[in-house]
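Understanding the architecture of this molecule
Below are the chains, spelled out letter by letter.
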Amino acid sequence: MISITREHVIAAAHRLFDYCGRCERLHGHNYRIRVTLTASAMNSLGMVVDFADVKKVLFGALDEAWDHRTLLFSEDPLCGHLQSVLDDDSLRPVPFNPTAENMAAHLGTALFPEAMARAGMEGVAVAAVTVYETDTSWATWSAE
Ligand SMILES: [Zn+2]
């Protein structure tokens, strides 16, 4: 098994729902996202997948979904309030509390595989996703 890893940075706001602590306040991070892709065999160029395609396909979908957005759990009352006053698409309700753990799992099981399927990237799988909230705090989802 061979793998490649690429990183990308997005900016997003969030708050944790039903949480007691500083992260219950609306605030933002420059999230560093690290994705590892695996393939059982390399392509004819000797690649798992072109790093440029990782940027275009996976991080393009990530940018569209979450970059410079506000991520709120759809059950968070603030979500409904903001939806009623925002007239743009900056709010992105998510079906989970937006912890780094849940974000990594969502990227690894839904957003990235779905973007790869749409782009016809075959023979490649998402092996791990790490979401850094800060340089010292991160969560990792892995397929195994
Ligand atoms: Zn936070």
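Above this text sits the structure in question.
The following paragraphs examine the structure supplied in this document. Just so it is clear, the structure is predicted and the values come from calculations on it, not from any experiment. (Residues numbered from 1 in each chain as written. Predicted model: local features only at pLDDT ≥ 70, side-chain atom pairs only at ≥ 80, totals over all residues.)

Helix and strand content of the protein: three helices and six strands. Starting at the N terminus and walking to the C terminus, you meet the elements of the protein as β-β-α-β-α-β-α-β-β. Dimensions of the protein, computed from C-alpha atoms along their principal axes, come out at roughly 50 × 30 × 20 Å. Out of the 144 residues in the protein, the part that is buried amounts to 28%. Put simply, of all contacts in the protein between residues at least 6 apart along the chain, 60% involve residues at least 24 apart. (Helix = DSSP H or I, 4+ residues; strand = E, 2+ residues; numbered from the N terminus. Buried ≥ 20, exposed ≤ 12 C-beta atoms within 10 Å, placed from the backbone. Contact = placed C-beta atoms within 7 Å.)

Next up on the list: the environment of cysteine 23. Tracing the chain through its elements places cysteine 23 in the loop between strand 1 (2-14) and strand 2 (27-39). Taking C-alpha positions, cysteine 23 is 15 Å from methionine 103, a pair spaced 80 residues apart along the chain. Apart from the residues within four sequence positions on either side, cysteine 23 is in contact with Arg15 and Leu16.

Moving on to the packing of helix 1 (residues 51-66) against helix 3 (residues 100-118). Angle between the axes and distance between the axes are the two parameters that describe a pair of packed helices. For the pair helix 1 and helix 3, interaxial distance at closest approach is 9 Å and the crossing angle is 125°. Between helix 1 and helix 3, the angle falls in the class oblique. Crossing angle aside, the handedness with which helix 1 passes helix 3 is right-handed. In this structure, helix 1 uses Val57, Leu58, Ala61, Leu62 and Ala65 to contact helix 3, whose residues at the interface are Leu111, Phe112, Ala115 and Met116. (Axes fitted to C-alpha atoms, helices over the stretch in contact; angles between N-to-C directions. Parallel < 35°, antiparallel > 145°, perpendicular 65-115°, else oblique. Left-handed = near helix turned anticlockwise from the far one by under 90°.)

A few words now on the sheet that holds strand 2. The strands making up a sheet associate through backbone hydrogen bonding, with each pair oriented either parallel or antiparallel. What the six strands build is an open sheet, ordered 4-3-1-2-5-6; its pairing is mixed. At either margin of the open sheet sits one strand with a lone partner, and together these are strand 4 (91-94) and strand 6 (137-142). Each strand of the sheet is rotated relative to its neighbour by a mean of 35°, with strand direction disregarded. For strand 1 and strand 2, the ladder comprises 13 bridges, and the chain directions are antiparallel. Note on strand 2: the bridge partner recorded for isoleucine 4 is leucine 37. Across the face of the sheet, helix 3 comes into contact with strand 2, strand 5 (124-134) and strand 6 while running at roughly 145° to strand 5. (Pairing = 2+ DSSP bridges.)

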